[in-house]
Amino acid sequence: MKLSRTVWIIIGVVVILGVWLFSTYNGLVSAHANVEGKWAQVQTQYQRRFDLIPNLEATVKGAANFEKSTFVAVTEARSQWQNAGGNRDAQVTAAQSFDSAIARLLVTVEAYPQLQATQAFRDFMTEESGTENRIAVARKDYNDAVQSYNVKVRTFPRNLIAGMLGFGPEKFFENTPGSENAPNVSF
């Protein structure tokens, strides 16, 4: 029995639609996995920072009569990160608190020339500087992945498929308001 031309056209359209749907789904899964991978890198760099800070604190405490509130803020922010578990929003909030606390720590340290002269402190500051650069790169890579993913999730007609399959937009990692201003520390 010979199939009519209309049936072949319908079969062709269904096959093309199926291939497109398959490709769209796999593209969304791949883009979402990229976002998750980039977020894991952000977490890794923050963990590196949080592991480094107790050593920096010990060095600073040993060389200067330091402002206690700065240490409390650093310690609290570090605890927030550790208590955030796998919750990305809680980790972002903790990271932003830590950014503010570490900025105050570093500005305060500038007031202690004898501290800056110690080799241990210089070594830790080099490590901290490298860590801050790694965090900045990891955040940028994460935001780039989020942007790419969000474009895929929001563009037509992919947004229809994404919505049906549960793919929603991801949040960018943003700076906290006021972080563009350096903290003021006075003695």
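What counts as what
Sequence order as written defines residue numbering, which begins from 1 separately in each chain. Whole-chain, interface and lining totals are the exception, using all residues; otherwise, since this is a predicted model, local features are given only for residues with pLDDT of at least 70 and side-chain atom pairs are given and counted only at 80 or more. Side-chain numbers here rest on the full set of heavy atoms in the structure, without hydrogens or water. Secondary structure elements follow DSSP: runs of H or I no shorter than four residues count as helices, runs of E no shorter than two count as strands, and numbering proceeds from the N terminus. Working definition: with a 1.4 Å probe on protein chains only, accessible area under 20% of the residue-type maximum means buried, over 50% means exposed, and in between means partly exposed. Any two residues whose heavy atoms approach within 4.5 Å at even a single point are treated as in contact. Here, Shrake-Rupley sampling with a 1.4 Å probe gives the accessible areas, and only protein chains in the shown set may cover a residue. Each patch is built from salt-bridge-free residues with over 30% relative accessible area, joining like charges within 9 Å and nonpolar side chains (Val, Leu, Ile, Met, Phe, Trp, Tyr) within 5 Å. Any carboxyl oxygen of Asp or Glu within 4 Å of a side-chain nitrogen of Lys or Arg constitutes a salt bridge here. The pairing test for Phe, Tyr and Trp rings, Trp by its six-membered ring, is centres within 6.5 Å, and the orientation test on the planes gives stacked under 30 degrees, edge-to-face over 60, and tilted for anything in between. Side-chain atoms within 4.5 Å are what join buried Ala, Val, Leu, Ile, Met, Phe, Trp, Tyr and Cys residues into a set we call a nonpolar core. The score called pLDDT rates the predictor's confidence residue by residue, from a low of 0 to a high of 100.

*Asks:* Describe the overall build of the protein chain, naming the residues involved and giving the relevant values.
*Replies:* The secondary structure content of the protein chain amounts to six helices and zero strands. Start at the N end of the protein chain and walk to the C end: the helices and strands fall as α-α-α-α-α-α. Looking at the protein chain as a whole, 31% of its 187 residues are labelled buried. Contacts in the protein chain between residues far apart in sequence, at least 24 positions, make up 78% of those at least 6 positions apart. Counting only carbon and sulfur atoms, one obtains 57% of the accessible surface of the protein chain, whose full area is about 11200 Å².

*Asks:* Tell me what's going on with a nonpolar patch on the surface, and back it up with residues and numbers.
*Replies:* Judged by side-chain polarity, Leu 3, Val 7, Trp 8, Ile 11, Val 15 and Val 19 come together as a nonpolar surface patch covering roughly 530 Å² of accessible area. Along the chain, Trp 8 falls in helix α1 (residues 5-63). Given the relative accessible area of 52%, Trp 8 is considered exposed.

*Asks:* Lay out the packing of aromatic side chains in plain terms, naming residues and giving numbers.
*Replies:* Enumeration according to the criterion identifies two aromatic pairs in this entry. Note on Tyr 25 and Phe 167: the rings are 5.9 Å apart at their centroids and 70° apart in plane angle, and the pair reads as edge-to-face. Within this pair, whereas Tyr 25 is found in helix α1, its partner Phe 167 is found in the segment after α6 (158-164), the two being separated by 142 residues in sequence.

*Asks:* Explain the side chain of Gln 45 residue by residue, including any values.
*Replies:* In this fold, Gln 45 is placed in helix α1. Not counting residues within four places of it along the chain, the set of residues in contact with Gln 45 comprises Thr 131, Arg 134, Ile 135 and Ala 138.

*Asks:* A description of the pattern of salt bridges should follow, citing residues and the corresponding values.
*Replies:* In the structure shown here, the tally under the stated rule is six salt bridges. The shortest N-O distance in the salt bridge between Arg 49 and Glu 132 comes to 2.6 Å. Highlighted residues: Arg 49 in helix α1 and Glu 132 in helix α5 (residues 119-154), separated in sequence by 83 residues. Take Arg 49: its relative accessible area is 1%, and that puts it in the buried class. Under the relative-accessibility criterion, Glu 132 is labelled partly exposed at 22%. Lys 140 is paired through a salt bridge with Asp 144; the nearest N and O atoms lie 2.6 Å apart.

*Asks:* Any details on the environment of Ala 145? Residues and values, ideally.
*Replies:* With respect to the secondary-structure elements, Ala 145 resides in helix α5. In sequence terms Ala 145 and Ala 33 are 112 residues apart; their C-alpha atoms lie 9.5 Å from each other.

*Asks:* Please provide a residue-by-residue account of the nonpolar core, values included.
*Replies:* Grouped together as the largest cluster of nonpolar side chains are 32 residues, with contacts concentrated most on Val 42, Tyr 46, Phe 98, Tyr 142 and Phe 173. Residue assignment for this core shows that the elements contributing at least two residues are α1, α2 (68-83), α3 (88-109) and α5. Here the element with the most residues in this core is α1; it accounts for 10 residues. Excluding residues that lie within four positions of it along the chain, Phe 98 makes contacts with Arg 49, Phe 50, Ile 53, Val 74, Ala 77 and Arg 78.

*Asks:* Now, about the confidence of the model for the protein chain: what can you tell me, with residues and values included?
*Replies:* On average, the protein chain scores 78 in pLDDT, and the residues at 70 or more come to 78%. Looking at the elements of the protein chain, mean pLDDT is at its lowest for helix α4 (residues 113-116), recorded as 56, and at its highest for α6, recorded as 88.

*Asks:* Now, about the environment of Asp 123: what can you tell me, with residues and values included?
*Replies:* By the secondary structure assignment, Asp 123 is in helix α5. Considering only alpha carbons, one finds Asp 123 and Leu 56, 67 residues apart in sequence, at a separation of 9.3 Å.

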